[in-house]
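Chain by chain, the residues:
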Amino acid sequence: MSGRMGFVGVSTRSSSIMAIFPVWADILGLPTRELEGHDLPLDATREQYRALVEAIRDDPEHRGALVTTHKMALYAAAHDLFDELDDFARACGEVSSIAKRDGRLLGHAKDPITAGLALDEFLAPDAFGGVRDAVVLGAGGAGLALTWRLAERDDRPRRILVTDTSRERLDHLAAVHASRGTDPALLTLFDATPDATRAALAEAPEGSIVVNASGLGKDRPGSPVPDGAVFPRRAVVWEFNYRGSLEFLHQARAQQAERELTVVDGWRYFIHGWTQVIGEVFAIEMTPALVERLAVAAEPFRA
């Protein structure tokens, strides 16, 4: 056994993956059981991102890394350090997977695959029927990837409503979809004020999907849904996070019975996110059967 894999985040020590990774390493026969956390603050500088990518690149014992919160910022600061970036990484300006192959540094954006795999597990192929909306709360890397995946569905939402506190992130999301060729009528973008968020939820038809892609409730406390706001009746409410203060998840569960909600936490999203990156770093095909075996092994460590 030699080397290590990295985990770039904000508070990596509290993630269940720190205990799960050695178990998965044994199942997969990986060359290392060590997962090293690389914690960076939310306001990390360009120099910090570049120094981290260079350290991973130049250390022969470092196999690669998964990147969580810092996907877009890391790309902006250090994309020129990669020898190859996949199409989605270039199109959306984010890196969620850092891998090495034959002395070359590779950057991938796995979120559309991850979001699609998790989404397809709980959302029926005809869930939108052209009459229901997707309300995506957060336009960062995770929100952008989900909207990309939603726009690719044969059964697209009637509208994709996206809120964010950053006009820069909203503009970036709009620009990426414009370059993709997304129908402009499909997207509606809001500044994430309490009134705008309440309006987006109120306007969404029964059976729509509402997603917390903001990072609130994990990297920092809070929820993108203001107190007193009501979810659409029979909505699917998806919390991307599986750990943290999880205020959004608690709000949804408080309304679950009365509003007949389907509430989904971020555990399966977490499983798919990690297995996709581990597969890329160690050149392993993550078949559905293998992912399920790893998911079963991870269950005892679920926070």
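Right above here is the structure, for reference.
Residues numbered from 1 in each chain as written. Predicted model: local features only at pLDDT ≥ 70, side-chain atom pairs only at ≥ 80, totals over all residues. Heavy atoms only, no water.

Colleague: An account of the sheet that holds strand β9 (residues 187-191) is requested, with residue identities and associated values reported.
Modeller: Strands sit in the order β9-β8-β7-β10-β11-β12 across an open sheet of six strands; the sheet is parallel. Looking at the sheet topology across the chains shown, the edges are occupied by β9 and β12 (262-264). Pairwise comparison of adjacent strand axes, ignoring direction, gives a mean angle of 15° for this sheet. Bridge count for strand β8 (residues 160-164) against β9 is five bridges, and the pairing is parallel. Note that in β9 the partner of I160 across the bridge is L187. (Pairing = 2+ DSSP bridges. Helix = DSSP H or I, 4+ residues; strand = E, 2+ residues; numbered from the N terminus. Axes fitted to C-alpha atoms, helices over the stretch in contact; angles between N-to-C directions.)

Colleague: Hey, could you go over the pairing of strand β5 (residues 97-101) for me, with residue numbers and the actual values?
Modeller: The sheet contact formed by strand β3 (residues 62-67) and β5 spans three bridges and is antiparallel. The residue bridging L66 from the neighbouring strand is S97, located in β5. In this sheet, strand β6 (residues 104-108) lies alongside β5 in antiparallel orientation, the contact comprising five bridges. Note that in β6 the partner of S97 across the bridge is H108.

Colleague: Pulling in residues and values, what's your account of the pairing of strand β10 (residues 209-212)?
Modeller: Burial of β10 is two-sided: the residues I209 and V211 facing one way and the residues V210 and N212 facing the other way are all buried. Examined bridge by bridge, strand β7 (residues 134-137) and β10 share four bridges and lie parallel to one another. Across the sheet, the residue bridging to V135 is V210, located in β10. In this sheet, strand β11 (residues 236-239) lies alongside β10 in parallel orientation, the contact comprising four bridges. Looking at β11, one finds that N212 is bridged to E239. (Buried < 20%, exposed > 50% of the residue type's maximum accessible area, 1.4 Å probe, protein only.)

Colleague: I'd love a proper account of unusual backbone geometry, names of residues and values included.
Modeller: Leaving glycine out, the prevailing phi sign among residues is negative, and the prevailing peptide bond configuration is trans. Located in the positive-phi region is D102, a residue other than glycine, with phi close to 55°. Look at D102 and you get exposed, because its relative accessible area is 77%. Its identity as a non-glycine residue notwithstanding, R234 has a phi of 60°, on the positive side. Along the chain, the position of R234 falls in the loop between β10 and β11. Judged by its relative accessible area of 41%, R234 is partly exposed.

Colleague: Break down the pattern of salt bridges for me, with residues and values.
Modeller: Under the counting rule described, the total for this entry stands at 27 salt bridges. One salt bridge in this structure joins R167 and D191, with 3.0 Å as the shortest N-O distance. In this pair, R167 sits in helix α7 (residues 167-180) while D191 sits in strand β9, placing the two residues 24 residues apart along the sequence. D265 serves as the salt-bridge partner of R302, at 2.5 Å between the closest nitrogen and oxygen. With R302 in the segment after α11 (288-298) and D265 in the loop between β12 and α10 (267-281), this pair connects stretches of sequence that are 37 residues apart. Of the residues examined, R302 reaches a relative accessible area of 34% and is grouped as partly exposed. Taken together, the shared-partner salt bridges connect D120, R149, R153 and D155 into one network. (Salt bridge = Lys/Arg side-chain N within 4 Å of Asp/Glu carboxyl O.)

Colleague: Quick rundown of the nonpolar core? Include the residues and the values.
Modeller: The biggest cluster of nonpolar side chains holds 54 residues, and the ones touching the most others in it are I98, L146 and W238. In terms of residue count, the dominant contributor to this core is helix α6 (residues 141-152) (seven residues). Residues within four places of L146 in sequence aside, it is in contact with A115, L119, V136, V211, W238 and F240. Judged by nonpolar contacts, the second largest core, of 29 residues, contains M5, I17, V291 and A295. (Core = buried A, V, L, I, M, F, W, Y, C linked by side-chain atoms within 4.5 Å. Contact = heavy atoms within 4.5 Å.)

Colleague: Mind laying out the side chain of R153, listing which residues take part and the relevant values?
Modeller: In this fold, R153 is placed in the loop between α6 and β8. Exposure remark for R153: the relative accessible area of 9% places this residue in the buried category. Of note is the side chain of R153, whose polar atom sits 3.1 Å from the backbone oxygen of A124. (Polar contact = N/O pair within 3.5 Å; in protein donor to acceptor, adjacent residues only side chain to side chain.)

Colleague: Hey, could you go over the sheet that holds strand β2 (residues 35-39) for me, with residue numbers and the actual values?
Modeller: The strands that make up a sheet are held in pairs by hydrogen bonds between backbone atoms, and each pair lies either parallel or antiparallel. The six strands are arranged β2-β1-β3-β5-β6-β4 in an open sheet whose pairing can be described as mixed. The sheet terminates laterally at β2 and β4 (84-85), the two strands that pair on one side only.

Colleague: Pulling in residues and values, what's your account of helix α1 (residues 17-28)?
Modeller: Because each turn of an α-helix spans 3.6 residues, side chains separated by three or four positions in sequence point in the same direction. When α1 is considered as a whole, its buried residues turn out to be I17, I20, F21, P22, W24, A25 and L28. Considering only its buried residues, α1 is in contact with β1 (4-9), β2, α10 and α11. Two residues or fewer past α1, G29 is found with a positive phi of approximately 70°.

Colleague: Pulling in residues and values, what's your account of the environment of F248?
Modeller: Position of F248 relative to the elements: it lies in helix α9 (residues 247-259). Judged by relative accessible area, F248 falls into the buried class, the value being 0%. On a C-alpha basis, the gap between F248 and G217 in space is 6.9 Å, while along the polypeptide they are 31 residues apart.

These values are about where atoms sit, not about what they do.
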